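What follows is each chain in one-letter form.
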Amino acid sequence: MKILERKRLIFMDAKFTKLKNEKVEFLSVAFVTDSDSKLYLELEQPHMANGTGEREENIEVVETDLNGGSFLSKEQARDAILEFIDENYAKYEKPMLITNMSSYCWLALCHLFEKMEIPFHKIPLDFSTMLYMHSIDPDTSKEQLAWHYQIKLEGDRNHALYNATLLKRLYEKVILGW
């Protein structure tokens, strides 16, 4: 049995075009490092790329844009993520990814990076499983957990960056006991 050395962590939340196992794509994605650096991206959506301006079926349009009106192509998003990982983890092994929906996040990352190597450890960690292992019902809302553990965050609760930051704070309080 191999004893795991503590790896660097990165927390992720995302909004998706649809939650189905085929071709899961990001609308927006946010990362928060274990040292609190943050990255938030909004990606071009199919209705934008086709030039019609009309919404395609099952596409939720993200109205909040923190990129100053700039939606990124897949290539630009990949480059931004790679640069962010390089800036924050260059001298370490690939960081362990912690998400609340690891299977969908991983599928979307695989779709985004296509045949390129994904810059995260090959096994994403699921926060809901961590809660279960700490005898906490994984269906408990993250807002309820934040209230219980006296975590206060400002911002839009439906925003990926808010949720990635909340995930990190919950991990620190619930899992690590800080």
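Quick note: structure is the one above.
Residues numbered from 1 in each chain as written. Predicted model: local features only at pLDDT ≥ 70, side-chain atom pairs only at ≥ 80, totals over all residues. Heavy atoms only, no water.

Draft legend 1. Broad picture of the overall build of the protein. From N to C terminus, the protein includes six helices and five strands. Along the protein, from the amino end to the carboxyl end, the secondary structure elements read β-β-β-α-α-β-α-β-α-α-α. A sequence separation of at least 24 residues applies to 64% of the contacts in the protein between residues at least 6 apart. (Helix = DSSP H or I, 4+ residues; strand = E, 2+ residues; numbered from the N terminus. Contact = heavy atoms within 4.5 Å.)

Draft legend 2. Representation of the nonpolar core within the structure. Among the nonpolar cores identified, the biggest contains 27 residues, and M12, F26, F31, L41, I81, L109 and F120 are the most heavily contacted of them. Residue assignment for this core shows that the elements contributing at least two residues are β1 (9–16), β2 (26–33), β3 (38–42), α2 (74–89) and α3 (102–113). Listed in part, the 18 residues of the second largest apolar core include L9, I98, M130 and L166. (Core = buried A, V, L, I, M, F, W, Y, C linked by side-chain atoms within 4.5 Å. Buried < 20%, exposed > 50% of the residue type's maximum accessible area, 1.4 Å probe, protein only.)

Draft legend 3. Inspection of the side chain of R78 at higher detail. Relative to the assigned elements, R78 resides in helix α2. Once residues lying within four places of it in the same chain are set aside, the contact partners of R78 are L112, F113, E114 and M116.

Draft legend 4. Quick peek at a negative patch on the surface. Together, D79, E83, D86 and E87 make up a region of like negative charge exposed at the surface. Counting through the fold element by element, D79 comes out in helix α2. (Patch = residues over 30% accessible without salt bridge, like charges linked within 9 Å, V, L, I, M, F, W, Y side chains within 5 Å. Areas by Shrake-Rupley, 256 points an atom, 1.4 Å probe, with all protein chains shown as cover. Salt bridge = Lys/Arg side-chain N within 4 Å of Asp/Glu carboxyl O. Lys, Arg positive; Asp, Glu negative; His and termini not counted. Charge placed at Lys NZ, Arg CZ, Asp CG, Glu CD.)

Draft legend 5. Spatial organisation of the sheet that holds β2. Reading across the sheet, the five strands line up as β3-β2-β1-β4-β5 and stay open at both edges, with mixed pairing between neighbours. Lying at the two open borders of the sheet, with one neighbouring strand each, are β3 and β5 (125–126). Inspection of the sheet shows β1 paired to strand β4 (residues 96–99) by three bridges, in the parallel sense. Bridged to F11 within β4 is I98. Running over the sheet, α2 touches β1, β2 and β3 and is turned about 175° from β3. This element, helix α6 (residues 160–175), spans β1, β2, β3 and β4 of the sheet and lies at about 145° to β1. (Pairing = 2+ DSSP bridges. Axes fitted to C-alpha atoms, helices over the stretch in contact; angles between N-to-C directions.)

Draft legend 6. Seen up close, the pattern of salt bridges. A complete count under the given rule lists 10 salt bridges for this structure. Residue K15 pairs with D13 through a salt bridge whose shortest N-O separation is 3.6 Å. By relative accessible area, K15 is classed as partly exposed at 24%. Classification of D13 as buried rests on a relative accessible area of 14%. The shortest N-O distance in the salt bridge between E117 and K94 comes to 2.4 Å. With E117 in the loop between α3 and β5 and K94 in the loop between α2 and β4, this residue pair connects regions lying 23 residues apart in the sequence. With a relative accessible area of 59%, E117 lands in the exposed category. Put simply, D36, K168, R169 and E172 are held in one network by salt bridges that share partners.

Draft legend 7. Representation of the packing of aromatic side chains in the model. All chains considered together, the criterion is met by four aromatic pairs. Plain terms: the ring middles of F11 and Y171 are 5.4 Å apart, the flat faces sit at 55° to each other, and that makes the pair tilted. Of this pair, F11 sits in strand β1 while Y171 sits in helix α6; the two residues are 160 residues apart in sequence, bridging distant segments of the chain. By the burial criterion, F11 is buried, and Y171 matches it. Judged by centre distance (5.5 Å) and plane angle (20°), the ring pair of F31 and F120 falls under stacked. Here F31 is found in strand β2, whereas its partner F120 is found in the loop between α3 and β5, with 89 residues between them in sequence. The exposure classification of F31 matches that of F120, with both residues buried. Put simply, the rings of F16, F26 and Y104 touch in pairs and so form one group of aromatic residues. (Phe/Tyr/Trp six-rings, centres within 6.5 Å; stacked < 30°, edge-to-face > 60°.)

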